[in-house]
Amino acid sequence: MVKPSHTKSIMTAAFIIVLLWLSAERTDATVTQLVTGAPEMGKLLVEMFPPDWSYVTTIWAPMMETVQMAVLGTTIGAMLAVPIALLASGNVTRSKWLYIPARLLLNLIRTIPDLLFAAIFVAIFGLGAVAGVAALILFSFGLISKLLYESIEAIDPGPLEAMTAVGANKLQWIRFGVIPQVTAQFISYLLYTFEVNVRAAGVLGLVGAGGIGLLLTRVLDQLRYDRACMIILLTLVIVLVIDYISYRIQEKLL
């Protein structure tokens with residue numbers, strides 16, 4: 001019995017190694033840079049601990065604003081995502097003149113980083129949470145639409161064919177044949193996006209889009225790393241709580 005050649009595996013591994021090496025060289029992200037920068041990272045960690053526990057009363061309101069921004073952005077984005085996901089699904093929208101432009105629109109939205117969206121909306125609406133909510137709406141819209149239309153295209157075609165055979169119209173076809181098969185996945189995507197948006201909302205504040213990021217920028221400018229640590233810890237707690245609630249909900253649905 002002839003053993004399979006390992007040439008392909010060796011060549012693939014060599015290509016990946018060369019690619020990593022070239023990328024590290026071009027970006028100056030070498031192991032030497034990481035080693036020489038490690039002491040500075042240690043100094044920063046020393047300045048972050050112990051956290052300023054008294055600062056929690058100051059950051060609680062901006063943190064709640066961040067969560068509220070994530071709630072609004074995720075909910076509105078998800079509502080807008082449903083029709084475009086149906087339009088982008090090839091097994092629901094048969095015409096290429098409809099689903100291909102819908103997919104191109106989603107690709108365009110996902111191409112633009114959420115920070116750039118936030119910067120644009122800050123220029124339009126000014127500093128504050130409105131710009132952050134608008135950026136999160138577009139981010140949620142792009143992410144959920146992509147995941148949802150891929151789930152729709154993977155559904156069982158049997159019920160759809162049976163409904164077509166008995167003369168169901170398009171709306172009935174979607175209502176009773178498509179939606180029941182993707183509801184659990186949709187809720188899972190919704191909860192995942194909400195969790196991501198809580199973290200993203202904090203970062204958006206760095207460009208003036210409201211939330212805890214505005215306060216984080218201020219304390220970093222003041223070199224108050226102990227207060228920055230408190231912000232990070234509170235964000236971690238909020239994310240863990242959301243993750244636990246999401247897990248419990250998905251456990252009941254899936």
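For the structure, see preceding data.
Reference entry: report on the structure contained in this document. All of these numbers come straight from a predicted model, not from anything done at the bench. (Residues numbered from 1 in each chain as written. Predicted model: local features only at pLDDT ≥ 70, side-chain atom pairs only at ≥ 80, totals over all residues. Heavy atoms only, no water.)

### Examining the overall build of the protein
Part 1: Across its full length, the protein carries 10 helices and zero strands.
Part 2: Each helix and strand of the protein, ordered N terminal to C terminal, gives the series α-α-α-α-α-α-α-α-α-α.
Part 3: On C-alpha atoms alone, the protein measures out to a radius of gyration of 24 Å, which is more than a quarter above the 18 Å that the 2.2 N^0.38 rule sets for 254 residues.
Part 4: Along the first, second and third principal axes, the C-alpha atoms of the protein reach 70 × 60 × 40 Å.
Part 5: For the protein, the residues scored as buried account for 37% of the 254 residues in total.
Part 6: Looking at the protein alone, contacts between residues at least 24 apart form 76% of all its contacts between residues at least 6 apart.
Part 7: In the form shown here, the protein has an accessible surface area of approximately 15300 Å², with 71% of it arising from carbon and sulfur atoms.
Part 8: Here the protein contributes 17 positive and 16 negative side-chain charges, whose respective centroids are spaced 9 Å apart. (Helix = DSSP H or I, 4+ residues; strand = E, 2+ residues; numbered from the N terminus. Rg over C-alpha atoms; globule rule 2.2 N^0.38 Å. Buried < 20%, exposed > 50% of the residue type's maximum accessible area, 1.4 Å probe, protein only. Contact = heavy atoms within 4.5 Å. Areas by Shrake-Rupley, 256 points an atom, 1.4 Å probe, with all protein chains shown as cover. Lys, Arg positive; Asp, Glu negative; His and termini not counted. Charge placed at Lys NZ, Arg CZ, Asp CG, Glu CD.)

### Section: the packing of aromatic side chains
Part 1: If you walk through the whole model with that rule in mind, you get two aromatic pairs.
Part 2: Where phenylalanine 117 meets phenylalanine 121, the ring centres are 6.4 Å apart and the plane angle is 20°; that geometry is what we call stacked. Of this pair, phenylalanine 117 and phenylalanine 121 both sit in helix H5 (residues 114-125), separated by four residues, roughly a single helical turn. In this structure, phenylalanine 117 and phenylalanine 121 share a single accessibility class: buried.
Part 3: Measuring from centroid to centroid gives 5.9 Å for phenylalanine 121 and phenylalanine 125, while their planes differ by 25°, and the two rings are stacked. (Phe/Tyr/Trp six-rings, centres within 6.5 Å; stacked < 30°, edge-to-face > 60°.)

### Here we look at the packing of helix H4 (residues 96-111) against helix H6 (residues 129-153)
Part 1: Remark: H4 packs on H6, axes separated minimally by 9 Å, with the N-to-C direction vectors making an angle of 140°. By the angle between their directions, the pair H4 and H6 is classed as oblique. As H4 packs across H6, the resulting crossing turns out to be left-handed. Within the contact between the two elements, H4 uses Arg103, Leu106, Ile109 and Arg110 and H6 uses Leu138, Phe141, Gly142, Ser145, Lys146, Tyr149 and Glu153.
Part 2: Among the residues forming the contact of H4 with H6, the class breakdown is five nonpolar, two polar and four charged. (Axes fitted to C-alpha atoms, helices over the stretch in contact; angles between N-to-C directions. Parallel < 35°, antiparallel > 145°, perpendicular 65-115°, else oblique. Left-handed = near helix turned anticlockwise from the far one by under 90°. Nonpolar A, V, L, I, M, F, W, Y, C, P; charged D, E, K, R; others polar.)

### Observations regarding a nonpolar patch on the surface
Part 1: Nonpolar side chains collect at one region of the surface, where Leu116, Ile120, Ile124, Phe125 and Val130 lie side by side and expose about 490 Å² of accessible area between them.
Part 2: Examining the composition of the nonpolar patch, we find that four residues originate from one element, H5, more than from any other.
Part 3: Judged by relative accessible area, phenylalanine 125 falls into the partly exposed class, the value being 48%. (Patch = residues over 30% accessible without salt bridge, like charges linked within 9 Å, V, L, I, M, F, W, Y side chains within 5 Å. Salt bridge = Lys/Arg side-chain N within 4 Å of Asp/Glu carboxyl O.)

### A look at the layout of surface pockets
Part 1: In this structure, the largest pocket spans a volume of roughly 160 Å³.
Part 2: Put simply, the parts of the chain that give the lining of the largest pocket at least two residues each are helix H7 (158-165) and helix H8 (170-204).
Part 3: Looking at which element gives the most residues to the lining of the largest pocket, the answer is H7, with three residues.
Part 4: Each residue belonging to the lining of the largest pocket can be placed in one class, and the counts come to four nonpolar, two polar and four charged. (1 Å grid on protein atoms, 1.4 Å probe; cavity = no way out; pocket = protein on both sides within 12 Å on 5 of 7 lines; lining within 4 Å. Points joined across faces, edges and corners; volume = space filled by probe spheres on them.)

### Thoughts on the pattern of salt bridges
Part 1: A complete count under the given rule lists three salt bridges for this structure.
Part 2: With a closest N to O distance of 3.4 Å, arginine 199 and glutamate 195 form a salt bridge. Here arginine 199 pairs with glutamate 195, and both are found in helix H8, just four residues apart, close to one helical turn.
Part 3: The partly exposed category is assigned to arginine 199, whose relative accessible area is 39%.

### Comments concerning the packing of H5 against H6
When two helices pack together, their arrangement is captured by the angle between the axes and the distance separating the axes.
Part 1: Where H5 contacts H6, the two axes come as close as 8 Å, and the packing angle between them is 140°. Taken together, the axes of H5 and H6 lie oblique to each other. Taken as a pair, H5 and H6 cross one another with a handedness that is right-handed. Residues Asp114, Phe117, Ala118, Phe121, Val122 and Phe125 of H5 lie in contact with H6, whose contacting residues are Val130, Ala131, Ala134, Ala135, Leu138 and Phe139.
Part 2: Partitioned by chemical class, the residues of the contact of H5 with H6 number 11 nonpolar, no polar and one charged.

### Concerning the nonpolar core
Part 1: Ile152 and Val178 are the most contacted members of the largest nonpolar core, which totals 36 residues.
Part 2: Sorting the residues of this core by element identifies helix H3 (56-88), H4, H5, H6, H7 and H8 as the ones contributing at least two each.
Part 3: Looking at this core, the element that brings in the most residues is H6, giving 11 residues.
Part 4: In contact with isoleucine 152, not counting residues within four places along its chain, are Ala85, Leu86, Ser89, Asn91, Val92, Val178 and Val182. (Core = buried A, V, L, I, M, F, W, Y, C linked by side-chain atoms within 4.5 Å.)

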